[in-house]
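Each chain is listed here by its residues.
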Amino acid sequence: MPVRAVRGATQLDTDEREHMLERVAEMVTDVMTSNGLEVDDFISVIFTATSDLVSEFPAYAARQLGFGDVPLICARELEIAGSMPRVVRMMAHIETELPRADITHVYLHGAAALRSDLTRVRSVPDE
């Protein structure tokens, strides 16, 4: 089975634990739905968060979705002047028959502006 990487990002309105868990769960679920994935298709997931997010580990939201046997890790995003605040990103390594060009990356809420250059992106901006 081929191994691919899929990306996702979401922006939070505030740094509150429940809001973090909701937004990260939404992102992970949307990545799964957009690519026809199940938890067993995931090899590992790396989550990063900007330094203004400290209320919860983003990986905990994935654990609550059933990712108990999937290796997960959280890290800090680089602090670049002018970069978008309150963003959680993910890069998941998956087993899938989808060709690399058919992987759909998911960018939700304010993070929809991050990767308008990708050809297969499901971006959902805030209204």
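Here the structure is a predicted model, which means the values were calculated and not measured.

**Regarding the packing of aromatic side chains**
For the structure shown, the criterion picks out one aromatic pair. Ring geometry for Phe 42 and Phe 67: centres 4.9 Å apart, planes at 70°, overall edge-to-face. Separated by 25 residues along the polypeptide, Phe 42 in strand β2 (residues 42-49) and Phe 67 in the loop between α2 (58-64) and β3 (72-76) bring together distant segments of the chain. For the residue pair Phe 42 and Phe 67, the accessibility class agrees, reading buried in each case.

**Here we look at the pattern of salt bridges**
Enumeration over the complete set of coordinates arrives at four salt bridges. In this structure, Glu 18 engages Arg 17 in a salt bridge whose closest nitrogen and oxygen atoms are separated by 3.2 Å. A relative accessible area of 34% means that Arg 17 is categorised as partly exposed. Linked through salt bridges whose partners overlap, the residues forming this network are Arg 17, Glu 18 and Glu 56.

**Re the nonpolar core**
If you look at the biggest cluster of nonpolar residues, it comprises 28 residues, and the most contacted ones within it are Phe 42, Val 45, Phe 47, Phe 67 and Val 88. Breaking this core down by element, the ones donating at least two residues are α1 (17-35), β2, α2, β4 (87-95) and β5 (105-108). A per-element tally of this core places α1 first, with seven residues. Once residues within four sequence positions are removed from consideration, Phe 42 is found in contact with Met 32, Leu 37, Phe 67, Val 70, Ala 92, His 93 and Ile 94.

**What about the pairing of β4?**
In this sheet, β4 lies alongside strand β1 (residues 3-11) in antiparallel orientation, the contact comprising nine bridges. Within β4, the position partnered with Arg 4 by the bridge is Ile 94. As defined by bridge partners, β2 adjoins β4 across seven bridges and the pair is classed as antiparallel. When the sheet's bridge partners are listed, Ala 49 is paired in β4 with Val 88.

**Quick look at the UniProt feature "binding site: prephenate" (unreviewed entry) in the chain**
Taking the UniProt record as the reference, the feature "binding site: prephenate" (unreviewed entry) is found at Arg 7, Arg 89 and Tyr 107. A maximum C-alpha distance of 8.8 Å among these annotated residues, which run over 101 residues, shows that they cluster at one spot. Mapped onto the elements, Arg 89 comes out in strand β4. For Arg 89, a relative accessible area of 16% translates into the label buried. Residues in contact with Arg 89, not counting those within four places in the same chain, are Arg 7, Gly 8, Ala 9, Ile 46, Phe 47, Thr 48, Thr 50, Glu 77 and Leu 114.

**Remarks on the side chain of Asn 35**
Structurally, Asn 35 is set in helix α1. The exposure class of Asn 35 is buried, given its relative accessible area of 6%. One polar contact links the side chain of Asn 35 to the main-chain carbonyl oxygen of Val 31, over a distance of 3.0 Å. Among all residues touching Asn 35, those that are not within four sequence positions of it are Val 6, Leu 98, Asp 102, Ile 103 and Thr 104.

Conventions and cut-offs
Residues numbered from 1 in each chain as written. Predicted model: local features only at pLDDT ≥ 70, side-chain atom pairs only at ≥ 80, totals over all residues. Heavy atoms only, no water. Phe/Tyr/Trp six-rings, centres within 6.5 Å; stacked < 30°, edge-to-face > 60°. Helix = DSSP H or I, 4+ residues; strand = E, 2+ residues; numbered from the N terminus. Buried < 20%, exposed > 50% of the residue type's maximum accessible area, 1.4 Å probe, protein only. Salt bridge = Lys/Arg side-chain N within 4 Å of Asp/Glu carboxyl O. Core = buried A, V, L, I, M, F, W, Y, C linked by side-chain atoms within 4.5 Å. Contact = heavy atoms within 4.5 Å. Pairing = 2+ DSSP bridges. UniProt positions renumbered as here; feature names shortened; annotations may be inferred. Polar contact = N/O pair within 3.5 Å; in protein donor to acceptor, adjacent residues only side chain to side chain.

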